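Survey of secondary and tertiary structure
Each chain is listed here by its residues.
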Amino acid sequence: MVSVRSRFWILIGLVTISGFSQGMLLPLLAVILEQNGVSSSINGLHATGLYIGILISSPFMEKPLQKLGYKPVIMIGGALVFISLALFPFWQALWFWFALRMLVGIGDQVLHFGTQTWITASAANESRGRSIAYYGLFFSVGFTLGPLMTNLLSISLYIPFLVSALLSLIVWSTMWFVRNEMPDHNETTVYSTSSIRRFGRALKLGWVAFLPPLTYGFLEATLHGIFPVYGMRIGHDVNTLSLIIPSFAAASLLSQIPLGTLSDKIGRKKVILSVVAGGIVAFLLAAFFEHSTLWLFVTFALGGLFVGSLFSLGISYMTDLLPKELLPAGNIMCGMAFSLGSIAGPFLSGIVIDLFPGLSFFYIIVVLLMLVFISTVSKRSPHVQHLSSSPP
């Protein structure tokens, strides 16, 4: 069996391939459906299948993890992903592809839940932020590389799906060399305390830590799904927008590790407040100079440097706020928050743009970041108690 360090990098590899599959599916299926004459509204609705899968599976994963351990849960999630990817080319029906999207979302969420909880539970306090930063960094790397698979459509419809499924299978197979571990828990936590009570306690203690993942989901989905529409309305061409949008994710790759390391030294709350403030400034500048291609490129990159790490910072902050026995519930709620943000972002932003056509798209993001900043400032550090100290 592999060492603890090798196990960490195997888990990071799984996270990378998960980001790759998600980053591939969104643009790849959008292009295929567009070429097949599917309307943009149905295309957009179809894309929510991935996030619906993530959302509906989230509340049901804690007990299997407690009973089976990390390894079986991760392997089940990974198998769902590569099997679903391999099935896409064989039947081009909207409902079938929507079901497969949901299965990929479920598999990805199971995979993320297992890897994320294992990493957060086993990381030392003094290096937890850096460990989770690697998690966020390599997911972003995979998500950034995934869209490149659309270039393979010129060869065959089958190729992108089968290549992605094969890569997922290869990385998944490395888990056979990892020894299973059970999550830390006491008997009263798992068998005498209801899931609803644990989720409620996790929300009470760590609600502020779920705002960064929600915000990151909102940003990621909105910048990729709604900004292209807005950008074309204000006069930018598609080729220009295709260069501007990736600058957000690319810049976030540069700041993940430094910000995670910094959060270990000065505290998660200070770093989150700093990056949210930087994001507010970046997107205010974007609103003022939205007609300038150069300024949009600069402000998207600045936004990525600051708020592109919110997901991993939120997970680290949640780990600080919750006792160990609540980490599984906390990790589930981080995934749910991200999914809610991803689903709500394009929908709410689209409504605001339709209702207020003269309002800059970027003010929506600024308002959200200001709400997160105010909420984080107002949150006091709680005195964490273990569930076993509470009456049954």
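Since this is a predicted model, take the numbers as computed values, not measurements. (Residues numbered from 1 in each chain as written. Predicted model: local features only at pLDDT ≥ 70, side-chain atom pairs only at ≥ 80, totals over all residues. Heavy atoms only, no water.)

What follows deals with the environment of Ala337. Tracing the sequence through the fold places Ala337 in helix 17 (residues 327–355). As for Ala337 and Ile280, which are separated by 57 residues in sequence, their C-alpha atoms are 21 Å apart. In this structure Ala337 touches Phe210, Pro213 and Leu214, once residues within four positions along its chain are discounted. (Helix = DSSP H or I, 4+ residues; strand = E, 2+ residues; numbered from the N terminus. Contact = heavy atoms within 4.5 Å.)

Confidence in the prediction of the protein, expressed as mean pLDDT, is 83, and 92% of residues score 70 or more. Taken element by element, the predicted model of the protein shows its lowest mean pLDDT in helix 9 (residues 187–192) (35) and its highest in helix 14 (residues 268–288) (95). This stretch, residues 186–194, has a pLDDT under 50; its non-local contacts, to residues over four places away or in other chains, come to 12 contacts. Here residues 383–392 scores under 50 on pLDDT; set against residues more than four positions off or in separate chains, the count is 21 contacts. (pLDDT = per-residue confidence, 0-100.)

On to the side chain of Ser252, then. Note on placement: Ser252 falls in helix 13 (residues 246–266). From its side chain, Ser252 meets the backbone oxygen of Ala249 in a polar contact 2.6 Å long. (Polar contact = N/O pair within 3.5 Å; in protein donor to acceptor, adjacent residues only side chain to side chain.)

Quick look at a nonpolar patch on the surface now. Judged by side-chain polarity, Ile83, Leu87, Phe90, Trp91, Trp95, Tyr158 and Leu162 come together as a nonpolar surface patch covering roughly 760 Å² of accessible area. Among the secondary structure elements, those contributing two or more residues to the nonpolar patch are helix 5 (70–87) and helix 8 (158–173). Summarising the element assignment, Tyr158 is placed in helix 8. (Patch = residues over 30% accessible without salt bridge, like charges linked within 9 Å, V, L, I, M, F, W, Y side chains within 5 Å. Areas by Shrake-Rupley, 256 points an atom, 1.4 Å probe, with all protein chains shown as cover. Salt bridge = Lys/Arg side-chain N within 4 Å of Asp/Glu carboxyl O.)

Looking now at the pattern of salt bridges. Any two side chains of opposite charge can pair, on the condition that their charged atoms come close. Overall, the coordinates contain 3 salt bridges when judged by the stated rule. Across the pair Glu181 and Arg7 runs a salt bridge, and its minimum N-O distance is 2.9 Å. Of this pair, Glu181 sits in the loop between helix 8 and helix 9 while Arg7 is found in helix 1 (residues 4–35), placing the two residues 174 residues apart along the sequence. Under the relative-accessibility criterion, Glu181 is labelled partly exposed at 34%. Linking Asp320 and Arg268 is a salt bridge whose minimum nitrogen-to-oxygen distance equals 2.8 Å. (Buried < 20%, exposed > 50% of the residue type's maximum accessible area, 1.4 Å probe, protein only.)

Another aspect to go through is the packing of helix 6 (residues 94–122) against helix 7 (residues 128–145). Any two packed helices are characterised by the angle at which their axes cross and by the distance between the axes. Relative to each other, helix 6 and helix 7 sit at 155°, their axes nearing to 9 Å. The angle between helix 6 and helix 7 falls in the class roughly antiparallel. In terms of crossing hand, the pair formed by helix 6 and helix 7 is right-handed. Listed contacts from helix 7 to His112, Thr115, Gln116, Ile119 and Thr120 of helix 6 are Arg128, Ser131, Ile132, Tyr135 and Phe139. Among the residues making up the contact of helix 6 with helix 7, the classes are represented as 4 nonpolar, 5 polar and 1 charged. (Axes fitted to C-alpha atoms, helices over the stretch in contact; angles between N-to-C directions. Parallel < 35°, antiparallel > 145°, perpendicular 65-115°, else oblique. Left-handed = near helix turned anticlockwise from the far one by under 90°. Nonpolar A, V, L, I, M, F, W, Y, C, P; charged D, E, K, R; others polar.)

Another aspect to go through is the packing of aromatic side chains. Counted by the stated rule, this structure contains 27 aromatic pairs. A ring pair is formed by Phe90 and Tyr158, whose centres lie 6.0 Å apart and whose planes are at 70°; its orientation type is edge-to-face. Here the residue Phe90 occupies a position in the loop between helix 5 and helix 6, and Tyr158 occupies one in helix 8, the gap between them amounting to 68 residues. Note on Tyr158: relative accessible area 39%, which makes it partly exposed. Seen from their ring centres, Trp95 and Phe96 are 6.0 Å apart, and the 75° between their planes marks the pair as edge-to-face. Residue classification places Phe96 among the buried residues on the basis of a relative accessible area of 17%. (Phe/Tyr/Trp six-rings, centres within 6.5 Å; stacked < 30°, edge-to-face > 60°.)

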